Amino acid sequence: MIVAKFIAIAVISYLLGSLNFSIIVSRALAKRDIREAGSGNAGATNMLRTYGKKFAVFTMIGDIIKVAVAILIAFVLLDAPLDLVFKFADTKEAAVTIIQYKEFAGFFCVLGHIFPLYFKFKGGKGVAACTGMVILVDWRIALILFVIFVLVVLISKMISLGSITIAVFYPLLIAVFYQNLILFLIAVMFAAIVIVAHRKNIRRIVKGTENKISDKKSK
């Protein structure tokens, strides 16, 4: 029975993750698929650079909300206290279990975001979806990562570098806050997904040809 519940959570989370809001918003508001504009990536950064802040904000909000919904559904199916979706558990042991539930749903939601069923498996890089999950896992870690992200972007002018940097820091912060090997390894898995999704950006960063936020948005 418990295995069936986790399978259901995986499927539901993947289907929710496949609701790529950069594609949905660009088609609805700009009447054009974001994958046919700018860098061709179905993500908030390309939305920002191509269509502006409003489009990027709508995309981020949508991608964060879908992860929250996936986690809420997971809690319902697992009979976990719904109030723990948004707050800490009373004990460290309970917190570890709750975070595992959140990260399980979050993992499949991120997979759906990167390989969306509804959009021919061509999606974004998973940063917005991971952001939603981290906020619900531990808002303190999310806040620290946000500060790191802002500092890196202000210095480098590269959103991709900021995303890669916080992906690296996420498992480190999980280790500091929870000292749990399983949570650390799961966090490493999330970091690996984001880094692999940014492999082309990494090559451009090394070559010095990566796009910067000061660049003019595509016509």
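Scroll up to find the structure this text is about.
Residues numbered from 1 in each chain as written. Predicted model: local features only at pLDDT ≥ 70, side-chain atom pairs only at ≥ 80, totals over all residues. Heavy atoms only, no water.

1. Remarks on helix 7 (residues 139-156)
What counts, and what does not: A run of DSSP states H or I qualifies as a helix once it reaches four residues; a run of E qualifies as a strand once it reaches two. Both are numbered from the N-terminal end. One less than the residue count of a helix, multiplied by 1.5 Å, gives the span that helix is expected to have. We call two residues in contact when some of their heavy atoms are within 4.5 Å.
For helix 7, built from 18 residues, the straight-helix expectation of 26 Å at 1.5 Å per residue is met to within 8% by its first-to-last C-alpha distance of 25 Å. Buried-residue contacts for helix 7 involve helix 6 (127-137) and helix 8 (159-178). In the segment just after helix 7, lysine 157 is the residue with positive phi, at about 65°.

2. Points about a nonpolar patch on the surface
Note the cut-off: Only residues whose relative accessible area exceeds 30% and that form no salt bridge enter a patch; like-charged residues are grouped when within 9 Å of one another, and nonpolar side chains (Val, Leu, Ile, Met, Phe, Trp, Tyr) when within 5 Å. All accessible areas in this document rest on Shrake-Rupley with a 1.4 Å probe, and a residue is counted as covered only by the protein chains that are shown. What makes a salt bridge here is a side-chain nitrogen of Lys or Arg within 4 Å of a carboxyl oxygen of Asp or Glu, nothing more. Each residue is placed in one exposure class: buried if its accessible area under a 1.4 Å probe, protein chains only, is under 20% of its type's maximum, exposed if it is over 50%, and partly exposed if it falls in between.
A surface patch of nonpolar side chains, amounting to about 840 Å² of accessible area, comprises Ile2, Val3, Ile7, Val11, Leu15, Phe115, Leu117, Tyr118 and Phe121. Here tyrosine 118 lies in the loop between helix 5 (92-114) and helix 6. Tyrosine 118 sits in the partly exposed class, given a relative accessible area of 42%.

3. Looking at the side chain of glutamate 210
For clarity, the cut-off: Polar contact criterion, stated in full: a pair of N or O atoms within 3.5 Å, where within protein one must be able to donate a hydrogen and the other to accept it, and residues adjacent in sequence count only if both atoms are side-chain atoms.
Note on placement: glutamate 210 falls in the segment after helix 10 (199-207). For glutamate 210, a relative accessible area of 8% gives the class buried. At 2.8 Å, the side chain of glutamate 210 forms a polar contact with the side chain of asparagine 201. At 2.7 Å, the side chain of glutamate 210 and the side chain of arginine 204 are in polar contact.

4. Considerations on the nonpolar core
Stated formally: Definition used in this section: a nonpolar core is a set of buried Ala, Val, Leu, Ile, Met, Phe, Trp, Tyr and Cys residues joined via side-chain atoms within 4.5 Å.
Ile141, Tyr170 and Ile174 are the most contacted members of the largest nonpolar core, which totals 46 residues. Elements represented by at least two residues in this core include exactly helix 1 (2-17), helix 4 (53-77), helix 5, helix 6, helix 7, helix 8 and helix 9 (181-197). Element by element, the count of residues in this core is highest for helix 5, at nine residues. Those residues in contact with isoleucine 174, other than ones at most four positions away along the chain, are Val137, Ile141, Gln179, Leu183, Phe184 and Ala187. The next biggest cluster of nonpolar side chains, apart from the first, holds ten residues, and it includes Ile23, Val25, Ile34 and Ala37.

5. What about the pattern of salt bridges?
For the structure shown, the criterion picks out seven salt bridges. The salt bridge partner of aspartate 79 is lysine 5, with a shortest N-O separation of 3.4 Å. In this pair, aspartate 79 is assigned in the loop between helix 4 and helix 5 and lysine 5 in helix 1, connecting sequence segments 74 residues apart. Aspartate 63 is the salt-bridge partner of lysine 66, the closest N and O atoms lying 3.1 Å from each other. Of the two residues, lysine 66 and aspartate 63 are both situated in helix 4; the distance of three residues between them amounts to about one turn of the helix. For the pair shown, lysine 66 and aspartate 63 are each scored as buried. Within this structure, Arg27, Asp33 and Arg35 form a network of salt bridges that share partners.

6. Overview of unusual backbone geometry
Not every positive phi belongs to a glycine, and aspartate 79 is a case in point at roughly 55°. The phi torsion at phenylalanine 121 lies on the positive side, around 65°, for a residue other than glycine. Within the secondary structure, phenylalanine 121 is located in the loop between helix 5 and helix 6.

7. Structural notes on the packing of aromatic side chains
Which entries qualify depends on this criterion: What counts as a ring pair is set by centres within 6.5 Å for rings of Phe, Tyr and Trp (its six-membered ring), and what kind of pair is set by the plane angle: stacked under 30 degrees, edge-to-face over 60, tilted for all other angles.
Per the counting criterion, the structure on display carries eight aromatic pairs. A centroid spacing of 5.2 Å and a plane angle of 85° characterise the contact between phenylalanine 107 and phenylalanine 108, whose relative ring orientation is edge-to-face. Of the residues examined, phenylalanine 108 reaches a relative accessible area of 22% and is grouped as partly exposed.

8. A look at the environment of leucine 77
Relative to the assigned elements, leucine 77 resides in helix 4. A relative accessible area of 28% means that leucine 77 is categorised as partly exposed. Ignoring anything within four residues of it in the chain, the contact list for leucine 77 reads Lys5, Ala8, Ile9 and Ile12.

Function cannot be read off these values alone, since they describe shape.
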